[in-house]
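# Coordinate inspection notes
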Amino acid sequence: MSIITIERKILEKNDTIANQNRESFKEKKIFVLNFVSSPGSGKTSLIEKTLDVIKDNIKIAVIEGDVQTDLDAKRVAKYGVPVVQIVTNGACHLEAALVKDAFEQLNDREINLLFIENVGNLVCPAGYDLGENMKVVILSVTEGDDKPLKYPAMFRNAAVLIINKVDLIPYVNCSLSELEKNALGINPRLKIFITSCTSMEGIPEWSKWLKSNIL
Ligand SMILES: Nc1nc2c(ncn2[C@@H]2O[C@H](COP(=O)(O)OP(=O)(O)OP(=O)(O)O)[C@@H](O)[C@H]2O)c(=O)[nH]1
Ligand SMILES: [Mg+2]
């Protein structure tokens, strides 16, 4: 058996713009979360449920990243918050320059919290700093408890892990304790929440923690 490791460092330009974004967010006192996950783990659902809980107390905007459509932006816009859609036309991750342009479209609106939903992909977005305060990685139980071991960069670079779709745990071969052990083995500092966007389990705890971190 042979294992090929591909290492790339083509990210200097992205890092420069990400640092400019970070300065700009800091100056405007905006806390920024970059939501990353495989396609369909529940990024948009989590944003919707979080908006439901906290949007009356905090001024929030959302930047949506999608390969092809504005379906997620339309979902989020129903919550009455400003939304900007980035369509990457095939690219598998957002880049700092795209976020910079999208942020400019928010036209200096007064916001305290910015959610960025990245393109659904558990590999590529890990390497691209957007200038966020933290990456929030979402893993649904249907994906299996081995995923932190197989896609470690995403878990290493995140501050928070949301284990979503816990309502489906009786139907899938996924051990929550094994999943947590694997994730903490990669990154012992991960703050972990267990949620269901269907039953709302864990959403109040996550929302409370988020509020306490930004206020
Ligand atoms: N049973 C269950 N279904 C969920 C949960 N969260 C999300 N879903 C469903 O999973 C599907 C995908 O959810 P999305 O929120 O669109 O996932 P996403 O990560 O934004 O997907 P992409 O943007 O395409 O990468 C939808 O049908 C949701 O209704 C959950 O906690 N439990
Ligand atoms: Mg989505």
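On a predicted model such as this, the values are computed, not experimentally measured, just so you know. (Residues numbered from 1 in each chain as written. Chains lettered and ligands numbered in written order. Predicted model: local features only at pLDDT ≥ 70, side-chain atom pairs only at ≥ 80, totals over all residues. Heavy atoms only, no water.)

Take the coordination of the magnesium ion (ligand 2) next. Each protein donor to the magnesium ion (ligand 2) is listed here as Thr44 (OG1), Asp72 (OD) and Glu117 (OE); together their distances run 2.0 to 2.1 Å. One chain supplies every donor for the magnesium ion (ligand 2), spaced along it as T-x27-D-x44-E. One end of the pair, Asp72, is in helix 3 (residues 71-77); the other, Glu117, is in strand 4 (residues 113-117), with 45 residues separating them in the sequence. When its relative accessible area of 14% is taken as the criterion, Asp72 is described as buried. Residue classification places Glu117 among the buried residues on the basis of a relative accessible area of 3%. (Donors = N, O, S within 2.8 Å, 3.2 Å for Na, K, Ca; no water. Helix = DSSP H or I, 4+ residues; strand = E, 2+ residues; numbered from the N terminus. Buried < 20%, exposed > 50% of the residue type's maximum accessible area, 1.4 Å probe, protein only.)

Within the secondary structure layout, Ser38 lies in the loop between strand 1 (31-37) and helix 2 (43-54). Within the structure, Ser38 has its side chain in polar contact with the side chain of Glu143 (distance 2.7 Å). (Polar contact = N/O pair within 3.5 Å; in protein donor to acceptor, adjacent residues only side chain to side chain.)

Attention now moves to the side chain of Asp66. In this structure, Asp66 sits in strand 2 (residues 60-66). No salt bridge is formed by the buried Asp66; its nearest oppositely charged neighbour, Arg75, is found at 8.4 Å. Side-chain polar atoms of Asp66 contact the backbone nitrogen of Thr69, separated by 3.2 Å. Here Asp66 is in contact with Asp72, Gln85, Ile86, Val87, Thr88 and Val119, once residues within four sequence places are set aside. (Lys, Arg positive; Asp, Glu negative; His and termini not counted. Salt bridge = Lys/Arg side-chain N within 4 Å of Asp/Glu carboxyl O. Contact = heavy atoms within 4.5 Å.)

Before going further, it helps to examine the packing of aromatic side chains. For the coordinates displayed, the defined rule picks out six aromatic pairs. Relative to Phe115, the ring of Phe35 has its centre 5.2 Å away and its plane inclined at 85°; by these criteria the two rings are edge-to-face. Of this pair, Phe35 sits in strand 1 while Phe115 sits in strand 4, and the two are 80 residues apart along the sequence. Each of the two residues, Phe35 as well as Phe115, counts as buried. (Phe/Tyr/Trp six-rings, centres within 6.5 Å; stacked < 30°, edge-to-face > 60°.)

Take the site of ligand 1 next. The local shell around ligand 1 holds 19 residues, among which Lys43, Thr44, Ser45, Asp167 and Cys197 are the closest. Measuring from an oxygen atom of ligand 1, one finds a side-chain N or O atom of Arg75 at 2.9 Å. For the shell around ligand 1, the secondary-structure elements that each account for two or more residues are helix 2 and helix 3. The element contributing the most residues to the shell around ligand 1 is helix 2, with three residues. The class makeup of the residues in the shell around ligand 1 is three nonpolar, 10 polar and six charged. (Near = heavy atom within 4 Å. Nonpolar A, V, L, I, M, F, W, Y, C, P; charged D, E, K, R; others polar.)

So, on to the pattern of salt bridges. Using the criterion set out here, one finds 10 salt bridges in the structure. Across the pair Arg75 and Glu48 runs a salt bridge whose closest N-O atoms are separated by 2.9 Å. Linking Arg75 in helix 3 with Glu48 in helix 2, this pair joins segments that are 27 residues apart in sequence. Judged by relative accessible area, which is 30%, Arg75 ranks as partly exposed. Among the ionic pairs, Asp72 bridges to Arg75, the shortest N-O distance being 3.7 Å. On the criterion of helical spacing, the pair formed by Asp72 and Arg75 is a turn pair, its members being three residues apart in helix 3. The network of salt bridges with shared partners includes Glu48, Asp72 and Arg75.

One face of the sheet, then the other: side chains in a regular strand alternate in exactly this way. The buried fraction of strand 6 (residues 160-164) is high, at five of five residues. The sheet contact formed by strand 5 (residues 134-140) and strand 6 spans five bridges and is parallel. Following the sheet pairing, Val137 is matched in strand 6 by Leu161. Relative to strand 7 (residues 191-194), strand 6 runs parallel, the two being bridged by four bridges. Bridge assignment links Val160 to a residue of strand 7, and that residue is Lys191. You can see the chain leave strand 6, run along helix 7 (residues 176-186) and come back into strand 7, and the turn it takes is right-handed. (Pairing = 2+ DSSP bridges. Right-handed = clockwise from strand over helix to strand, strands pointing away.)

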